[in-house]
Amino acid sequence: MVLVWGLGCGGSRSDFIGGRAKDVCDAQWPVCSRMAGCILGEESYMEGRFPGRAQIIVQIPEPATVRLRFFLEDVVAAGQETVVTFHEEGCRERIRQVVSGRTALESAERLGEFSREAELTGVGDHMVEFESDLQARYVLKVEVEPLRNR
């Protein structure tokens, strides 16, 4: 038996995306001696499927809170864990956040999305990695809020 959850509490997919442009994230951007598929910012979003993993670049011009926001669709199973790792520029430090699959799914059901954030102080390119064994499709967007605005 396959369980499918409807995540209807937080708004629609088109509301989540807004006026952003889709990035297919199939490029090869060098960062931290590795490659990322795309550079995501305030004007773009990407789509993907869990289980899976991805690496993106987020560019910040000043110390900021970087927030990854996932809109989940066609959820089949919660999986065991979802991991988001934020790297400072040059990968000199990292902030690794691990949540259970159930916690990620409950957040998406309650709020209409699952998000993780971290304060990054370095200026420039920051690699952000995420992986999950959730069984679902996702839409991901990034928000960058300068720390001076707090």
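Residues numbered from 1 in each chain as written. Predicted model: local features only at pLDDT ≥ 70, side-chain atom pairs only at ≥ 80, totals over all residues. Heavy atoms only, no water.

K.L.:
Let's hear about the overall build of the chain: which residues, and what values?
P.N.:
What the chain contains, in helices and strands, is two helices and 10 strands. Its helices and strands in sequence order give the chain the pattern α-β-β-β-β-β-β-β-β-α-β-β, from N to C terminus. Radius of gyration (C-alpha) of the chain: 15 Å, near the 15 Å computed for a compact globule of 150 residues. With respect to the principal axes defined by its C-alpha atoms, the chain has extents near 45 × 30 × 30 Å. For the chain, with 150 residues in total, the buried portion stands at 44%. Considering only contacts in the chain between residues 6 or more positions apart, those separated by 24 or more positions represent 73%. Accessible surface computed for the chain: about 7,700 Å², of which carbon and sulfur atoms make up 47%. (Helix = DSSP H or I, 4+ residues; strand = E, 2+ residues; numbered from the N terminus. Rg over C-alpha atoms; globule rule 2.2 N^0.38 Å. Buried < 20%, exposed > 50% of the residue type's maximum accessible area, 1.4 Å probe, protein only. Contact = heavy atoms within 4.5 Å. Areas by Shrake-Rupley, 256 points an atom, 1.4 Å probe, with all protein chains shown as cover.)

K.L.:
Please give an account of the packing of aromatic side chains that cites residues and values.
P.N.:
Two aromatic rings, taken as a pair, are described by how far apart their centres are and by the angle between their planes. The tally for this structure, following the rule as stated, stands at eight aromatic pairs. Judged by centre distance (5.4 Å) and plane angle (35°), the ring pair of Phe16 and Phe71 falls under tilted. With a gap of 55 residues between them, Phe16 in helix H1 (residues 13-17) and Phe71 in strand E6 (residues 64-77) connect regions that are remote in the sequence. Of the residues examined, Phe71 reaches a relative accessible area of 7% and is grouped as buried. When the ring centre of Phe16 is taken as reference, the NZ or CZ atom of Lys141 above it lies at 4.4 Å. (Phe/Tyr/Trp six-rings, centres within 6.5 Å; stacked < 30°, edge-to-face > 60°. Lys NZ or Arg CZ within 6 Å of the ring centre and 35° of its normal.)

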